[in-house]
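Listed here are the chains, written in short residue letters.
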Amino acid sequence: MPIQLSRLDSPLGPLQLAVGERGLCALLFAASERPIRAFIQKVFPGATVSRGGGGTISARVRCYFDGELSAIDRLEVDPAGTPFQLEVWRALRRIPAGRTASYRELAASIGRPGATRAVGAANGANPIALVVPCHRVIASGGELGGYSAGLERKAWLLRHEGAWLL
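All figures in this text were calculated on a predicted structure; none of them were measured in a lab.

A. View of the packing of aromatic side chains. Taken as a whole and assessed by the stated rule, the structure comprises two aromatic pairs. Pairing Tyr64 with Phe65 gives two aromatic rings, centres 5.2 Å apart and planes at 75°, and the pair type is edge-to-face. Each member of the pair Tyr64 and Phe65 is classed as buried. With a centroid separation of 5.9 Å and an interplanar angle of 50°, the aromatic rings of Phe65 and Trp156 are classed as tilted. In this pair, Phe65 sits in helix H2 (residues 55-65) while Trp156 sits in helix H6 (residues 151-160), placing the two residues 91 residues apart along the sequence. Relative accessible area serves as the criterion here: at 9%, Phe65 is assigned to the buried category.

Below, the structure written as structure tokens:
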């Protein structure tokens, strides 16, 4: 499986993108390629990795940061995960920019109201930041909860989308 890597500078720091034949398979906040290469080796063993590509995806992510929030909504994604994780990640993509959902609401939306913790774990394992918008999930009490890229970035993204104004 060929995967192409590219880097994009954003207002929140550098982003590393990995694009396979069927779409974006990883988007990480990272200054170097090391974390995304390690991720690819673990999740896509035997993949052929090269630099370049991702032009259309990078352009759409730039548009998102420039205020065109829907620019990333229809990007093709190809994350590797368990069937449960894939179900949660599909549900995340249904949360529109400017809105948030609690972990409990997300669990209910996939028909598993008792799986709040499992939904949280799947949310935390999301390999495609921004495009699979795990930042839009907050705690039931309105607190930010966690975010693997840091709570400062999560707060910035929610403010950027008009969903959180504190």
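B. Structural context of the packing of helix H3 (residues 83-92) against helix H5 (residues 116-124). At a closest axis distance of 9 Å, the pairing of H3 and H5 adopts a crossing angle of 80°. With respect to each other, H3 and H5 are oriented roughly perpendicular. Contacts between H3 and H5 involve Phe84, Gln85, Val88, Trp89 and Leu92 from the former and Ala118, Val119, Ala122 and Asn123 from the latter. For the contact of H3 with H5, the class distribution of residues is seven nonpolar, two polar and no charged.

C. Seen up close, the nonpolar core. Membership of the largest hydrophobic core comes to 39 residues, with the highest contact counts inside it found for Leu15, Leu27, Val61 and Leu130. Elements supplying a minimum of two residues to this core: strand S2 (13-20), strand S3 (23-29), H2, H3, helix H4 (103-109) and H5. The element contributing the most residues to this core is H3, with five residues. In contact with Val61, other than residues within four places in its own chain, are Leu8, Leu15, Leu27, Ile72 and Leu130. Grouped together as the second largest cluster of nonpolar side chains are 11 residues, Leu5, Ile36, Phe39 and Phe44 included.

D. Region of interest: the pattern of salt bridges. Counted by the stated rule, this structure contains six salt bridges. The closest approach of N and O atoms between Asp78 and Arg22, which form a salt bridge, is 3.2 Å. Taken together, the positions of Asp78 in the loop between H2 and H3 and Arg22 in the loop between S2 and S3 put the pair 56 residues apart, joining distant regions of the chain. Arg136 is paired through a salt bridge with Glu161; the nearest N and O atoms lie 2.9 Å apart.

E. Representation of H2 in the model. Among the residues of H2, those classed as buried are Ile57, Ser58, Val61, Tyr64 and Phe65. Mapping the buried residues of H2 onto a view down its axis gives an arc of 115°, with all of them on the same face. With respect to the buried face of H2, the exposed residues turned more than 90 degrees away are Gly55 and Thr56. Turning to H2, the residues buried within the fold contact strand S1 (2-10), S2, S3 and H6. Phi turns positive one or two residues past the end of H2, at Gly67, with a value near 110°.

F. The arrangement of the pairing of S1 in detail. Across four bridges, S1 lies against strand S4 (residues 48-51) in parallel orientation. Each residue of the ladder has a partner; that of Ile3, found in S4, is Val49.

Each value, and the rule that gives it
Residues numbered from 1 in each chain as written. Predicted model: local features only at pLDDT ≥ 70, side-chain atom pairs only at ≥ 80, totals over all residues. Heavy atoms only, no water. Phe/Tyr/Trp six-rings, centres within 6.5 Å; stacked < 30°, edge-to-face > 60°. Buried < 20%, exposed > 50% of the residue type's maximum accessible area, 1.4 Å probe, protein only. Helix = DSSP H or I, 4+ residues; strand = E, 2+ residues; numbered from the N terminus. Axes fitted to C-alpha atoms, helices over the stretch in contact; angles between N-to-C directions. Parallel < 35°, antiparallel > 145°, perpendicular 65-115°, else oblique. Contact = heavy atoms within 4.5 Å. Nonpolar A, V, L, I, M, F, W, Y, C, P; charged D, E, K, R; others polar. Core = buried A, V, L, I, M, F, W, Y, C linked by side-chain atoms within 4.5 Å. Salt bridge = Lys/Arg side-chain N within 4 Å of Asp/Glu carboxyl O. Arc of directions from axis to C-beta. Pairing = 2+ DSSP bridges.

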